[in-house]
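Summary of structural features
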Amino acid sequence: MFEPVTIKDIAKALGLSTSTVSRALRDTHEISAATKKLVLDYAKEINYQPNPIALSLKERRTKAIGVIVSEVANSYFSQAINGIESIAYDRGYHVILSQTHESYDTEVANVQHLASRSVDGLLISLSAETSDISHLTALHERGLPMVFFDRVPEEIETHKVIANNEKGAFEATEYLIQKGFKRIAHLTSSSYLSISKERLIGYRSALAKHQIQLPEEYIKYCPHGGKIPEEMETAISELMALPEKPDAIFVAGDRLSTGCLSVLKKLKIKIPEDIVIAGFSNSDVLDLFNPSITSVRQPAFEIGQLATEKLLQIIEAKYPIEEFEKKVLETDLFVRGI
């Protein structure tokens, strides 16, 4: 069994008291320079690391933050996590990652587990199944610092960091309209999610600006955000079975965008001959598709960084923070192919 080196071990090896070793490691002025050097050199030689549990009990901090996302393999979230880690590690915090796989029950279990491990705070992007946030509200009311990013709830008053989903969706839909497409369907994730609502508004706004009226059947929800291929197959098959089938699809998610291409290939629907796609995606894989698809790219790395900075502000604040903000970062439309 692994036994870490303790202050007692150092004291015994050097013939000093544990209190002297402790003070030397803390670099206090009560200890002579020679004794400090002796202790620090020995500690370095044996690769002594302070016990994080003992430190957390003393400081009432673990120097760890929990991060809850739907899926680390999702290119958006992997980039956001890189942003989170770039700030957290620089400030001396460890990052504990947790995936919900778009499951509400898994989100609840992961949140409770991280809270029980006494993380200093949580960075959260809600799962596609999450409509009830009482598990988060309860912890927030008890004072656990939390910041939401990407998929955010309205009800909890704290910092939130998102992309300009409405504008990004508007630009992608308008791009398709300007290319001459008029029957533009919309494939989106769970109706619960803030990103779904915001991107739907952008899609509708672009249609309204160009006086295009389409029936509600052109909007299809995938409740698990593309995680279940059958949901996407059903949605796309229903779209292609409409009396006036769409000539383009605006896809409102990262996993949905790449998944949509796979489903279309399986159903032998050709791009761009049969249909044209524009989507939300941070995946560089899109550059490998032929033909490729135009996509809205979000500043995922920067969103991760900013959300972490906001969380650490709450954690390290000497007084309770009472004013919070929702930061909206701009998206970019990457035009590829048609």
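The notes below deal with the structure included here.

Cut-offs and rules
Residue positions within a chain follow its written sequence, with the count starting from 1. Where local features are concerned, this predicted model is filtered to residues with pLDDT of at least 70; where side-chain atom pairs are given and counted, the filter is 80 or more; whole-chain, interface and lining totals use all residues. In computing side-chain values, all of the structure's heavy atoms are included and hydrogens and water are not. DSSP bridges decide pairing: two strands pair if at least two such bridges lie between them. Secondary structure is summarised from DSSP: a helix means a run of H or I of at least four residues, a strand means a run of E of at least two, and numbering begins at the N terminus for each. Here an angle of 0 to 180 degrees is reported between the N-to-C directions of two axes, which are lines fitted to C-alpha atoms, with helices fitted over the stretch in contact. We call two residues contacting when some pair of their heavy atoms lies within 4.5 Å. The cut-offs for exposure are 20% and 50% of the maximum accessible area for each residue type, with area from a 1.4 Å probe on protein chains only; residues under the lower value are buried, those over the upper are exposed, and the others partly exposed. Salt bridges are defined as contacts in which a side-chain nitrogen from Lys or Arg sits within 4 Å of a carboxyl oxygen from Asp or Glu.

1. Concerning the sheet that holds strand β8 (residues 248–251)
Spatially, β7-β6-β8-β9-β10-β12 is the arrangement adopted by the six strands of the open sheet, whose pairing is mixed. The open sheet is flanked by β7 (219–221) and β12 (332–334), the only strands paired with a single partner. Going from strand to strand, the sheet's axes swing by 15° on average, the running direction of each strand aside. Note that β8 and strand β9 (residues 276–280) share four bridges and pair parallel. Each residue of the ladder has a partner; that of V251, found in β9, is G279. On top of the sheet, helix α11 (residues 254–266) reaches β6 (184–188), β8 and β9; it is set at about 155° to β9, its chief contact.

2. As for the environment of G202
Take G202: it is sitting in helix α9 (residues 194–209). Considered as a pair, G202 and V72 are 130 residues apart in the sequence and their alpha carbons are 27 Å apart.

3. Examining the pairing of strand β10 (residues 294–297)
Each regular strand shows side chains that alternate between the opposite faces of the sheet. Burial along β10 is two-sided: the residues T294 and V296 and S295 and R297 are all buried. As paired strands, β9 and β10 are joined by three bridges and run parallel to one another. Bridge assignment links F280 to a residue of β10, and that residue is V296. Bridge analysis of β10 against β12 gives three bridges, and the strand direction is antiparallel.

4. What about the pattern of salt bridges?
This model, assessed by the stated rule, comprises 13 salt bridges. E330 is the partner of K167 in a salt bridge, and the nearest nitrogen-oxygen pair spans 3.1 Å. With K167 in helix α8 (residues 165–178) and E330 in the loop between β11 (326–329) and β12, this residue pair connects regions lying 163 residues apart in the sequence. Overall, the relative accessible area of 35% leaves K167 in the partly exposed class. The shortest N-O distance in the salt bridge between K209 and E174 comes to 2.8 Å. In this pair, K209 is assigned in helix α9 and E174 in helix α8, connecting sequence segments 35 residues apart. Residues joined by salt bridges that share partners form a network here, namely E102, D150 and R151.

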